[in-house]
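# Structural overview
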Amino acid sequence: MVEKKDERYEDSDLYRIRHSAAHIMAQAVMEMFPGEVKIAIGPPIAEGFYYDFELPRSLTPEDLEVIEKRMLEIIGKDFEYAFEVISAEKAKEIFADQPYKIELIEGLEAGGVDEYGTPTDEAPEISIYTQDTFTDLCRGPHVARTGEINPDGLKLLNVAGAYWRGDENRPMLQRIYGTAWQSADDLEQFLWRREEAAKRDHRRLGRELDLFSTNEDVGPGLILWHPKGGMVRKIAEDYCRAEHEKAGYEFVYSPHIGKSKLWETSGHLQWFKEKMYAPLDIEGQEYYLKPMNCPFHVQIYKSNKRSYRDLPLRYAEWGTVYRYERSGVLHGLLRVRGFTQDDAHHFCRPDQMPEEIDKVLKFTLDILRAFGFEKFQAYLSTRNPEKAAGDLDDWDSSTKALRDSLDRSGIPYQIDEGEAVFYGPKIDIKLLDALGREWQLSTIQFDFNLPESFDLSYIGEDGKEHRPVMIHRALLGSMERFMGVLIEHYAGAFPVWLAPVQAVVIPIADRHLGHAERIAKRLKSSGFRVDVDARGDRMNAKIRHAQLQKIPYMLVVGDREAKTDSVSVRQRSGEDMGAMPFEEFEAILVSDVAPYR
RNA sequence: GCCCUCAUAGCUCAGACGGUAGAGCACGUUCUUGGUAAGAACGGGGUCAUGGGUUCAAUUCCCAUUGAGGGCUCCA
């Protein structure tokens, strides 16, 4: 990002340039299909702009070249942007043959929402911008003249389908994405970042590093973990389990299916059914594949009378759940149909709640930091009146409890109005990766619905039954998504503690194989993951192979090393650390992984 | 699910007016025994995603299905 820090994007020159570029694109498209184009909206977005059109035919990449060429001509003519405030009647006249614009104008007239559907306080005035032959309904702002757009900073990117107003019941439009920058350099940097992101794509790295795959016969959205990916995941899980144990969690296991009665009681069949798979018939009883683990944990809680002295109870499970996702939304490891949550449920007394939320928030951030993530943004999701179980007081008090805890934690947060799940408000934590991209993993959810519907209780100091409160949380979220994020964050070059192979021993000639095997054996017996590259290739090829596999250390051994029981160490950064005694290298490995043992 | 695009060897991709296919990498064998990012030769490997249709003939054209990619929407 190159915007100035304290300036809002909406106020920046870049925003005007992109907004204006969108208009110029619309003009070019309208000229391409005279009288046949219905224009929708075309705003600037984070790194560019788009415009949605209804067109007589599908656009091709060649069309984009033509449109881009025409845009450069329009820019070259240096047309002025004329701004005018007009009445709704006049606007309807101007856009008489543009049904989408008419709908927008009617929306503006009614007030309350702006042209992009965002709620506004006062009824906005209606304005138009005109450049050359093209007039668009628009509140601006724009650059003063088309010539202010740098033609070398402009590029059209791709075409995609998009529903009018994002509503799948409305017409499907064609959206052209483009980007515009102040300089050719900025554009180049942007394209470089895109390329870098493509290189880090976890689907590509998953194949190249032999971490995981999917398979047509297995089914879409279902992941097969290969030994290398499985190792990374195991290390991550082992580390987390140990931390959970230290933090007072107990481990439980639950089955993958449960009878329909369970899901009726829990409310899932009422609130979550569209994400659940069709039931299985077992001896005339209906069973459902689990979309969540909570009802099982609740039953474990219920298996005994609980005393106030027992609380809080924290049940953790790496539980694999299955949820129906529409085929078009599946994406690598990030959006799948079967995934394993690092799930846990806390049962506590109401008075323990604030402290419990504080603890789990801190625990979450500690774990994420351990994996190398430093920047976070939290979101507090509040009640959705359409989709909410339980009574309003509970929602209010629990939302307040979450907000108070966020305030105490000091991490920045936003409110997501109406985004809560059916059983309670929640905090979602998103993290920023090495490329500054935002990912949602962690979720901490208040749940007062299940204690109620399963009639949970504990015996208080007063000898009477009381209702416990429940927190439902996943820290890494799903292991699948987390691994996807981790792969992209590190571009596949996992830190030593997570690397599936931490070092590879490379014998220079066959006669050094014995020494290589001995080195590997000693490191393995100290608990390190070490391979010997015994293939018939030359040393150079083996080093190249290890580099491409992003193995942290390459240990070259030849005559000199065999004689002195040493290894020559090359790091995957390319740095040659030279020869060192075996013990010295082992100490390096030990210190690399020390914080995680 | 919807719109658009795509599917040829394990991977990345060529290919032909419709006449059953090729490269590089990977894999195997042999030669080479090397000092920090690819040594060489030879070899095995494809029902051209699946099912229909058109045709003398389909991997190629058409339809459907499955899967993948870019979006919309949604979320862990």
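One numbering rule holds for all chains: residues counted from 1, following each sequence as written. As a convention, the first chain written is A and the first ligand written is 1, with the rest following in written order. Reporting in this predicted model follows two pLDDT cut-offs: at least 70 for local features of residues, and 80 or more for side-chain atom pairs to be given and counted; totals over whole chains, interfaces and linings ignore these cut-offs and use all residues. Hydrogens and water molecules were not included; the side-chain quantities draw on all heavy atoms of the structure.

With that settled, the discussion passes to the overall build of chain A. Within chain A, the secondary structure is distributed over 18 helices and 28 strands. The principal-axis extent of the C-alpha atoms belonging to chain A is close to 85 × 75 × 50 Å. Burial classes: relative accessible area under 20% of the type maximum marks a residue as buried, over 50% as exposed, and values in between as partly exposed (1.4 Å probe, protein chains only). The buried share among the 597 residues of chain A stands at 50%. In chain A, of all internal contacts separated by at least 6 residues, the share reaching a separation of at least 24 is 70%. Within the structure as shown, chain A displays about 28200 Å² of accessible surface, and the carbon and sulfur contribution to it stands at 48%. In this charge count, Lys and Arg are treated as positive and Asp and Glu as negative; neither His nor the chain ends contribute. Where a charge sits is defined by one atom per residue type, namely NZ (Lys), CZ (Arg), CG (Asp) or CD (Glu). Each charge class in chain A was averaged separately, 78 positive and 102 negative side chains, and the resulting centres sit 6 Å apart. The helix and strand labels rest on DSSP assignments: H or I over at least four residues marks a helix, E over at least two residues marks a strand, and numbering proceeds from the N terminus. In what follows, residue pairs with any heavy atoms lying within 4.5 Å of each other are defined as contacts. Only the protein chains shown count as cover for residues, with accessible areas throughout obtained via the Shrake-Rupley method and a probe of 1.4 Å.

For the rest of this paragraph, the subject is the nonpolar core. Soluble globular proteins tend to pack their nonpolar side chains together in the buried interior. Residues Phe371, Ile427, Leu498, Leu523, Tyr553, Leu555 and Phe585 are the most contacted members of the largest nonpolar core, which totals 83 residues. Residue contributions to this core peak at nine residues, all from helix H11 (residues 353-370). Note that domain bounds follow an automatic or database assignment of domains. Residues lining this core come from more than one domain, with at least three contributed by each of domain 2 (220-254 + 293-490) and domain 4 (503-596). Contact partners of Tyr553, with chain neighbours within four places excluded, come to Val496, Gln502, Ala503, Val504, Val569, Arg570, Gln571, Met577, Phe585, Ile588, Leu589 and Asp592. By convention a nonpolar core is built from buried Ala, Val, Leu, Ile, Met, Phe, Trp, Tyr and Cys residues, the set being connected through side-chain atoms within 4.5 Å. Judged by nonpolar contacts, the second largest core, of 31 residues, contains Ile39, Ile75, Tyr129 and Ile149.

The subject of this paragraph is the protein's contact with RNA strand B. We call a residue near a given molecule or strand whenever any one of its heavy atoms falls within 4 Å of it. Every one of the 56 residues lining RNA strand B counts as a neighbour, but Tyr163, Arg335, Ile508, Arg544 and Glu561 are closest to it. A share of 48% of the atoms of RNA strand B within 4 Å of the protein falls on sugar and phosphate groups. Whenever two N or O atoms come within 3.5 Å, that pair is a polar contact, provided that in protein one can donate a hydrogen and the other can accept it, and provided that, for residues adjacent in sequence, both atoms are side-chain atoms. Between RNA strand B and Arg481, the relevant distance is 2.7 Å, taken from a base oxygen to a side-chain nitrogen or oxygen of the residue. For the surface near RNA strand B, the secondary structure elements donating two or more residues are strand E7 (154-163), strand E8 (172-180), helix H6 (202-208), strand E20 (438-447), strand E23 (469-478), helix H16 (539-548), helix H17 (559-564) and strand E27 (566-571). Classifying every residue of the surface near RNA strand B gives 18 nonpolar, 16 polar and 22 charged. Polarity classes work like this: nonpolar for Ala, Val, Leu, Ile, Met, Phe, Trp, Tyr, Cys and Pro, charged for Asp, Glu, Lys and Arg, and polar for all others, with Gly in that last group.

This part takes up the pairing of strand E16 (residues 338-348). Counting buried positions over the eleven residues of E16 gives eleven, a clear majority of the element. Every second residue of E16 is oriented toward a common face, with Gly338, Thr340, Asp342, Ala344, His346 and Cys348 on one face and Phe339, Gln341, Asp343, His345 and Phe347 on the other, all of them buried. Summarising the sheet, strand E15 (residues 313-322) and E16 pair through ten bridges and their orientation is antiparallel. Across the sheet, the residue bridging to Gly319 is Gln341, located in E16. Here, any two strands with at least 2 DSSP bridges between them count as paired.

Further remarks concern the packing of aromatic side chains. Aromatic pairs are defined between Phe, Tyr and Trp rings, using the six-membered ring for Trp, whenever the two ring centres lie within 6.5 Å; interplanar angles under 30 degrees are classed as stacked, those over 60 as edge-to-face, and all others as tilted. In total, this model carries 22 aromatic pairs according to the counting rule given. Through a chain of ring-to-ring contacts, the aromatic side chains of Tyr239, Phe371, Phe373, Phe482, Trp497 and Tyr596 assemble into a single cluster. Lysine NZ or arginine CZ positioned within 6 Å of the ring centre and within 35 degrees of the ring normal marks a charge as sitting over the ring. If you follow Arg306 out to its NZ or CZ, it ends over the ring of Tyr301, 5.4 Å from the centre. For the cation-ring pair, Arg383 lies above Trp395, with the distance from its terminal atom to the ring centre recorded as 6.0 Å.

This part covers the packing of H11 against helix H12 (residues 392-409). Running from amino to carboxyl end, H11 crosses H12 at an angle of 50°, the nearest separation of the two axes being 9 Å. Taken together, the axes of H11 and H12 are oblique relative to one another. H12 is crossed by H11, and the crossing has right-handed handedness. Residue-level contacts link Pro354, Ile357, Asp358 and Leu361 of H11 to Ala401, Leu402, Ser405, Leu406, Arg408 and Ser409 of H12. Residue composition of the contact of H11 with H12, grouped by class: six nonpolar, two polar and two charged. As a rule, the C-alpha atoms of each element are fitted with a line to give its axis, helices using only the stretch in contact, and angles between N-to-C directions run from 0 to 180 degrees. Roughly parallel here means an angle under 35 degrees, roughly antiparallel means over 145, roughly perpendicular means 65 to 115, and every remaining angle is called oblique. The hand of a helix crossing depends on one turn: near helix anticlockwise from the far one by less than a right angle means left-handed, and clockwise means right-handed.

Another aspect to go through is the domain arrangement of chain A. Once the domains are mapped, chain A shows domain 1 (9-200), domain 2 (220-254 + 293-490), domain 3 (257-290) and domain 4 (503-596). Computed over C-alpha atoms, the centres of domain 2 and domain 4 are 41 Å apart.

Now for the packing of helix H7 (residues 227-246) against H11. Geometrically, a packed helix pair is captured by the angle between its two axes and the distance between the axes. The interhelical angle for the contact between H7 and H11, taken along N-to-C directions, is 150°, at an axis separation of 12 Å. The pairing of H7 with H11 is recorded here as roughly antiparallel in orientation. Our pair here, H7 against H11, has a crossing hand that is right-handed. Where H7 abuts H11, its residues Tyr239, Cys240, Glu243 and His244 lie against Phe363, Ile367 and Ala370. Residue composition of the contact of H7 with H11, by class: five nonpolar, one polar and one charged.

Okay, helix H1 (residues 13-32) next. End to end, H1 covers 29 Å across 20 residues, agreeing with the expected 28 Å (1.5 Å per residue, within 8%). For H1, the tally of buried residues reaches 15 of 20 residues, placing the bulk of the element in the interior. By definition here, a helix of n residues has an expected span of 1.5 Å times n minus one.

At the junction of Leu311 and Pro312, the peptide bond is cis and its omega measures out at 0° in the coordinates. Position of Pro312 relative to the elements: it lies in the loop between helix H10 (294-302) and E15. You will see that Asp132, though not glycine, has its phi angle at about 50°, which is positive. Of note, Asp132 is situated in the loop between strand E5 (126-131) and strand E6 (134-137). With a phi close to 50°, Asp565 is a non-glycine residue in the positive phi region. Its location among the elements puts Asp565 in the loop between H17 and E27. Under the relative-accessibility criterion, Asp565 is labelled partly exposed at 26%.

This part covers the pattern of salt bridges. Between side chains of opposite charge, a pair can form when the charged atoms approach closely. Any Lys or Arg side-chain nitrogen found within 4 Å of a carboxyl oxygen on Asp or Glu counts as a salt bridge. A full pass over the atoms with the stated rule returns 41 salt bridges. Lys246 is paired through a salt bridge with Glu243; the nearest N and O atoms lie 2.8 Å apart. A residue pair is termed a helical-turn pair when its members lie 3 or 4 positions apart in one helix, as Lys246 and Glu243 do in helix H7 at three residues. Two residues, Lys426 and Asp428, come together in a salt bridge whose shortest N-O distance is 3.1 Å. Taking the relative accessible area as the measure of exposure, Lys426 reaches 12% and is therefore buried. Classification of Asp428 by relative accessible area gives buried; the value is 5%. Sharing partners across several salt bridges, the network here consists of Arg233, Glu237, Arg241 and Glu480.

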